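Chain residues, written in single-letter form:
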Amino acid sequence: MYGMAQLSPKDAARQAALPLAASSEALRHHIAAATPRDRKTELGQFMTPEPVARFMAAMFRPTQGPYALLDPGAGLGALATAALDRWSRGELGNGKIHVVAHEIDPRLRLHLAEVLARYRGDRGAIHIAGGDYLASAVEALEAGRREYSHAILNPPYKKIATTSEARLLCRRAGLETVNLYSAFVGLALAQLRPGGQLVAIIPRSFCNG
C-alpha cells in the first residue's frame, strides 16, 4: 500500500498562496519525491513539469467552442490546467468546456480533484475518471463516441506484453502496439471529433525501426 502524500500545514499554506501553475509544480516535486521508484515504473509514471505543460498547451489553435478536453493520464493535472488556463483567458476561443481527466493512481486523484476544482463553474465542467483509460476508450469507440475537441497527454511509458489485457484491448480498437504510450496516443486520436486537436509527448523511440 502507498499512502497519500501529505503536505505539512506550513507547506500547504505556502502552496495556497501561490498561483495555480506554481502551486501544481510545487506539488509535483513533493509527490514525485515521496513516490517509490518501483511504483513509478509499475505505472509508467512520469509527471509533466509546468514549463513543458505550458509549451504543449500553447500548441492548440483557437477554434469555435464548445470544447471537450481529454487528458488520458492526468497525474496532478499539469497538462489539463495549462490548457484550462488558455481557455479561461479566451485564447482557445469562446465557449463552454467539459474536461475529462483520467488518472488510474488513487493517490493522485484526490490532489487532481483539488487542482481542477478551481475551474468548475457555469462555463467549465470537470469529470475525473479512475480505472483503466484503455478500457474506457475502447468502450467509447465501440459505441461510436468520438466526442473530444482537444486532447493533451503525457502518456505512460511502459511495454505491454502480447497476451496482456492492455494488448487485447488495443486489438479491439484495431491497434497493434507494444507500448502504452502509443496505445494512449492512438486511442486519444481516435476519440477526437473531426477537426479535433491532439498534443502529446512522443519519445524518440516511436520512430525506431
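One can find the structure itself at the top, above this paragraph.
We now turn to the structure provided with this report. Note that the coordinates shown come from a computational prediction; the quantities given were computed from them, not determined experimentally.

**What about helix α7 (residues 133-142)?**
No. 1: Along α7, the positions that sit buried rather than exposed are Tyr133, Leu134, Ala137, Val138, Ala140 and Leu141. Along the axis of α7, the buried residues cluster in a sector spanning 160°; they form a single face.
No. 2: Looking at the packing, one finds that the buried side of α7 touches β1 (67-71), β2 (97-102), α8 (165-172) and α9 (180-190).
No. 3: With a side-chain oxygen positioned 2.9 Å from the backbone nitrogen of Leu134, the residue opening α7 is Asp132.
No. 4: Of the residues trailing α7, Gly144 is marked for its positive phi of about 80°.

**Describing the sheet that holds β2**
No. 1: Within the open sheet, the five strands sit side by side as β3-β2-β1-β4-β5. Their pairing is parallel. The two strands at the open ends of the sheet, each matched to only one other strand, are β3 (124-129) and β5 (192-200). On average, adjacent strands in this sheet sit at an angle of 15° to one another, irrespective of strand direction.
No. 2: Pairing geometry for β1 and strand β4 (residues 148-153), over two bridges, is parallel. Residue pairing across strands places Leu70 opposite Ala151, the latter belonging to β4.
No. 3: Relative to the sheet, helix α6 (residues 106-116) contacts β2 and β3, its axis offset from that of β3 by approximately 175°.

About the thresholds
Residues numbered from 1 in each chain as written. Predicted model: local features only at pLDDT ≥ 70, side-chain atom pairs only at ≥ 80, totals over all residues. Heavy atoms only, no water. Buried < 20%, exposed > 50% of the residue type's maximum accessible area, 1.4 Å probe, protein only. Helix = DSSP H or I, 4+ residues; strand = E, 2+ residues; numbered from the N terminus. Arc of directions from axis to C-beta. Contact = heavy atoms within 4.5 Å. Polar contact = N/O pair within 3.5 Å; in protein donor to acceptor, adjacent residues only side chain to side chain. Pairing = 2+ DSSP bridges. Axes fitted to C-alpha atoms, helices over the stretch in contact; angles between N-to-C directions.

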